[in-house]
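Below, each chain spelled out in residue letters.
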Amino acid sequence: MLFLPLAVGEMKVELIQPAADVLCDVPDDTHEEIITLITAVAENPEVQVPEPAAAFGEWCWLVYTVRGDVIEVLDVGCAR
């Protein structure tokens, strides 16, 4: 699991290994869009989802769940 050092309130971000592998292998602009999606989820104070949820950008998406103060990113992808 990869932990992202995001300065977004008290939320911590964990990426499971397959999602971390994708994040490390995408081009910079795609990487930036995925980080923006993660940040948007972390900045939403009401984000408490018991089941996996999804966030979508222009080209990218992520599947995540929230447990307390931890956002666990289960999958990321890009249509480019």
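In the block above lies the structure referred to throughout.
Presented here is an overview of the structure given in this document. Every residue gets a number counted from 1 within its own chain, in the order that chain's sequence is written. Totals for whole chains, interfaces and linings use all residues, but because this is a predicted model, local features are given only for residues with pLDDT of at least 70 and pairs of side-chain atoms are given and counted only at 80 or more. Computation of side-chain values: all heavy atoms of the structure, hydrogens and water removed.

**A word on the overall build of the chain**
Only DSSP runs of H or I with at least four residues qualify as helices, and only runs of E with at least two residues qualify as strands; both kinds are numbered from the N terminus onward. Each helix and strand in the chain was counted, giving 2 helices and 5 strands. The buried share of the chain, reckoned over its 80 residues, is 42%. Taking all contacts inside the chain whose residues are at least 6 apart in sequence as the whole, residues at least 24 apart take part in 43%. Per-residue accessibility takes into account occlusion by the displayed protein chains alone, with areas from the Shrake-Rupley method and a 1.4 Å probe. If you sum the accessible surface of the chain, you get close to 4,800 Å²; carbon and sulfur atoms cover 57% of it. Partly exposed residues are those whose accessible area sits between 20% and 50% of the maximum for their type, while under 20% is buried and over 50% is exposed, using a 1.4 Å probe and protein chains only. Contacts were defined at the residue level, with two residues in contact if any of their heavy atoms lie within 4.5 Å.

**Points about the pattern of salt bridges**
Should the charged atoms of two oppositely charged side chains come close, the side chains can pair. Every case where a carboxyl oxygen of Asp or Glu lies within 4 Å of a side-chain nitrogen of Lys or Arg is listed as a salt bridge. Applying the stated criterion across every chain, the model contains 2 salt bridges. A cluster of three or more residues bridged by salt bridges with shared partners is formed by Glu14, Arg67 and Glu72.

**Re the nonpolar core**
Looking at soluble globular proteins, one finds that nonpolar side chains tend to be buried together. By nonpolar core we mean a set of buried residues, namely Ala, Val, Leu, Ile, Met, Phe, Trp, Tyr and Cys, connected to one another through side-chain atoms within 4.5 Å. Core analysis: the largest hydrophobic core is formed by 22 residues, its most contacted members being Leu15, Ile34, Ile38, Leu62, Tyr64, Ile71 and Val73. Residue assignment for this core shows that the elements contributing at least two residues are strand S2 (12-15), helix H1 (17-25), helix H2 (28-43), strand S3 (53-56), strand S4 (60-67) and strand S5 (70-78). The leading source of residues in this core is H2, at 6 residues.

**Brief notes about H1**
Along H1, the residues that are buried comprise Ala19, Ala20 and Leu23. What you see down the axis of H1 is that its buried residues fit within an arc of 100°, all on one side. Residues of H1 that are exposed and point more than 90 degrees away from the buried face comprise Pro18, Cys24 and Asp25. Think of the arc as the fan of directions from the helix axis to the C-beta atoms.

**Looking at H2**
Residue count minus one, scaled by 1.5 Å, sets the expected span of a helix. The terminal C-alpha atoms of H2, which comprises 16 residues, lie 22 Å apart, in line with the 22 Å expected from a rise of 1.5 Å per residue. Thr30, Glu33, Ile34, Ile35, Leu37, Ile38, Thr39, Val41 and Ala42 are the residues of H2 that are buried.

**Re the environment of Glu58**
You can see Glu58 is positioned in the loop between S3 and S4. Taking the relative accessible area as the measure of exposure, Glu58 reaches 68% and is therefore exposed. Separated by 20 residues in sequence, Glu58 and Cys78 place their C-alpha atoms 9.2 Å apart. We define a polar contact as two N or O atoms separated by no more than 3.5 Å, with the added condition that, inside protein, one atom must be a possible hydrogen donor and the other a possible acceptor, whereas residues neighbouring each other in sequence contribute only through side-chain atom pairs. A distance of 3.4 Å separates polar atoms of two side chains, one belonging to Glu58 and the other to Trp59.

Read these as spatial facts, not as claims about activity.
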